[in-house]
Structures are given as structure tokens and as C-alpha cells.
Amino acid sequence: MKREIKCIIVEDDELDRLVLQQHLKKYPHIIVSGIFASAETAVSSLNPDVDLLILDIDLPEMNGIELRKNFKNIPACIFISSHPEYAIDTFELDTLDFISKPLKATRFEYAMQKLGDFFEMKEKSESFDALIGENIVKIKDRNEVFQIKISDILYFEALKDYTRIITTDKKHCILDSIGNLLQKEHFSHFIRIHRSFAIPKHHIRKKSAHEIEIVQQIKLPIGRAFKANLDFFNP
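Residues numbered from 1 in each chain as written. Predicted model: local features only at pLDDT ≥ 70, side-chain atom pairs only at ≥ 80, totals over all residues. Heavy atoms only, no water.

Counting its regular elements, the chain contains five helices and 16 strands. Rg of the C-alpha trace for the chain: 22 Å, well past the compact-globule value of 18 Å for 235 residues, more than 25% over. The principal-axis extent of the C-alpha atoms belonging to the chain is close to 70 × 35 × 30 Å. Looking at the chain as a whole, 43% of its 235 residues are labelled buried. A sequence separation of at least 24 residues applies to 47% of the contacts in the chain between residues at least 6 apart. (Helix = DSSP H or I, 4+ residues; strand = E, 2+ residues; numbered from the N terminus. Rg over C-alpha atoms; globule rule 2.2 N^0.38 Å. Buried < 20%, exposed > 50% of the residue type's maximum accessible area, 1.4 Å probe, protein only. Contact = heavy atoms within 4.5 Å.)

Take the confidence of the model for the chain next. When the pLDDT values of the chain are averaged, the result is 86; 92% of them are 70 or greater. Mean pLDDT values over the elements of the chain span from 41, in strand β6 (residues 127–132), up to 96, in strand β3 (residues 52–56). The low-confidence segment residues 125–133 (pLDDT under 50) makes 36 contacts with residues lying over four places distant or belonging to another chain. (pLDDT = per-residue confidence, 0-100.)

With antiparallel pairing, the three strands of this open sheet are ordered in space as β14-β15-β16. The sheet terminates laterally at β14 (204–207) and β16 (218–221), the two strands that pair on one side only. Across this sheet, the average inter-strand angle for adjacent strands is 30 degrees, counted without regard to direction. For β14 and strand β15 (residues 211–214), the ladder comprises three bridges, and the chain directions are antiparallel. Looking across to β15, one finds that Lys206 is bridged to Glu213. (Pairing = 2+ DSSP bridges. Axes fitted to C-alpha atoms, helices over the stretch in contact; angles between N-to-C directions.)

The subject of this paragraph is the state of the cysteines. For the structure shown, the criterion picks out zero disulfides. Cysteine Cys77 remains unbridged, with the sulfur of Cys7 as its closest cysteine sulfur at 10 Å. Using a relative accessible area of 0% as the deciding quantity, one classes Cys77 as buried. (Disulfide = S-S within 2.5 Å.)

On to the environment of Leu53. By the secondary structure assignment, Leu53 is in strand β3. Of the residues examined, Leu53 reaches a relative accessible area of 0% and is grouped as buried. Taking the C-alpha atoms as reference points, Leu53 and Ile74, 21 residues apart in sequence, are found 7.5 Å from one another. In contact with Leu53, not counting residues within four places along its chain, are Ile8, Leu46, Arg68, Phe71, Ile74, Ala76, Cys77 and Ile78.

Okay, the sheet that holds strand β11 (residues 171–174) next. Note: strands within a sheet are paired through backbone hydrogen bonds, in either parallel or antiparallel orientation. Read across the sheet, five strands follow the order β11-β10-β9-β13-β12 without closing on themselves; strand pairing throughout is antiparallel. A single partner strand is all that each edge strand has here, and the edge strands are β11 and β12 (190–194). In this sheet, neighbouring strand axes are inclined to one another by 25 degrees on average, regardless of whether the strands run parallel or antiparallel. As paired strands, strand β9 (residues 153–159) and strand β13 (residues 197–200) are joined by two bridges and run antiparallel to one another. Opposite Phe156, over in β13, you have Ala198 as the bridge partner.

Attention now goes to the side chain of Thr167. Along the chain, Thr167 turns up in strand β10 (residues 162–167). The class of Thr167 is buried, set by a relative accessible area of 5%. At a separation of 2.8 Å, a polar atom in the side chain of Thr167 contacts the main-chain carbonyl oxygen of Lys170. The residues touching Thr167, leaving out its near neighbours within four places in the chain, are Ile148, Asp152, Ile153, Leu154 and His172. (Polar contact = N/O pair within 3.5 Å; in protein donor to acceptor, adjacent residues only side chain to side chain.)

On the surface, a cluster of negative charge is made up of Asp12, Asp13, Glu14, Asp58, Glu85 and Asp89. We classify Asp58 as partly exposed; its relative accessible area is 33%. (Patch = residues over 30% accessible without salt bridge, like charges linked within 9 Å, V, L, I, M, F, W, Y side chains within 5 Å. Areas by Shrake-Rupley, 256 points an atom, 1.4 Å probe, with all protein chains shown as cover. Salt bridge = Lys/Arg side-chain N within 4 Å of Asp/Glu carboxyl O. Lys, Arg positive; Asp, Glu negative; His and termini not counted. Charge placed at Lys NZ, Arg CZ, Asp CG, Glu CD.)

Here it is in C-alpha cells:
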């Protein structure tokens, strides 16, 4: 059974509102919890439970882009517009998709596939949640919660917007970039050795020109741009 997705539609054209509703009827797991003709009326009804915004850009007074900027906490947003040149303005707003009008069934189906893939990945990934104490982090995996000792982490591996945390007995994939993780105070003893890898300094055992060996005889590559991070290690 697919995850239920709560959706808000903001569209000032009545015909386009009807077309959107007709398309969405094919997806019973998407619950339309509000339909509005302006951003102003939508703002008063938006709540933290909303998962998806479907927004026209050309709205009276506050436009769709401004509305999205005010509600960046909502996970997914699909813009629709009769002006394809607006697409570039949505790139920095965590936009899931941009659909040009008129709304065609095949194009809408593609957007819904992207939406499904997005939430599937979001559910499968283990979210980095919060620090518990000084030496333990909490990882949420679906309905399970794992407490991981920071001292058990062998290294981080970057996977685009995700980071794989490799521990002594398990691999965790969290929805956070390796760059963001390394900015957290409790990972201050980690160093970046490659675009894709970061390690705790005290795990280093050997170093060559292009490779480093850490505990458990694990060997990882050294990126040219990160060699200076290892200057402190002189065995």
C-alpha cells in the first residue's frame, strides 16, 4: 500500500483546477486537503501535515514562487504554468517538477512517478535525527530507531544528497549531505579525504600518495584536492 500524501492545490483558473482534480483521481493515495484560487487564501489553511504543493505561478497578488518560499518546510512542490520561462526561477526552491500548461495526462503521470520515487526514497532512507548525549547519534529507519556510538563509525561515504554511515557492524543511509554532517560539532574530529569519503582522524593507520588505510584494513582513496587535510599524519 502506497504512503498517503496530503496535497494542496493553488490555481486561480477554474478549468485548470478541475483538470488537476481529474488527474489526481487516478492516485487514491494522494489526498487533496485543500483547493484554493489564491495564495492568500491558501496561506491561512496550510499546516505542517501537508506533503505536496501543486502551485500555479501566475497568481493574483502573491505568486506561486513567493508562496513556496514561505513554506519551504513542505517536502514536495510541483509548479504549473503557461510560461515555461518561469522554470528557471523555481530551480532554487526544492522544486520536484515544473509542468507547462496545458496539462497533459502523460506529462502529469511522469510527475506523479517522480513524486512516488521521491517519497519512497525519503521513507527508505534513515534520517539523521538528533544528537543524544555527546557520543551517540540517533538514526531513524522507517519505524525503528537506532542509537549509534560515534566511536563505532568507520567512515562516511557521499551519495549525492545522502550519506552512507559505515559502522563496525552495519551500514546506514541518511538524508543529509556529507558536507552538512562534517559541519556538526560532534563530527569535528572527522576529516574529508576525498569528494566521496570522510574519516575520523584517529582511525588512520597508513598513508600513501593516493590511498589511506584505516582500522579493519579498510583502504580508501585520497582526492587530490583533499591531500592537505592529511598533512598532520606523519607515521
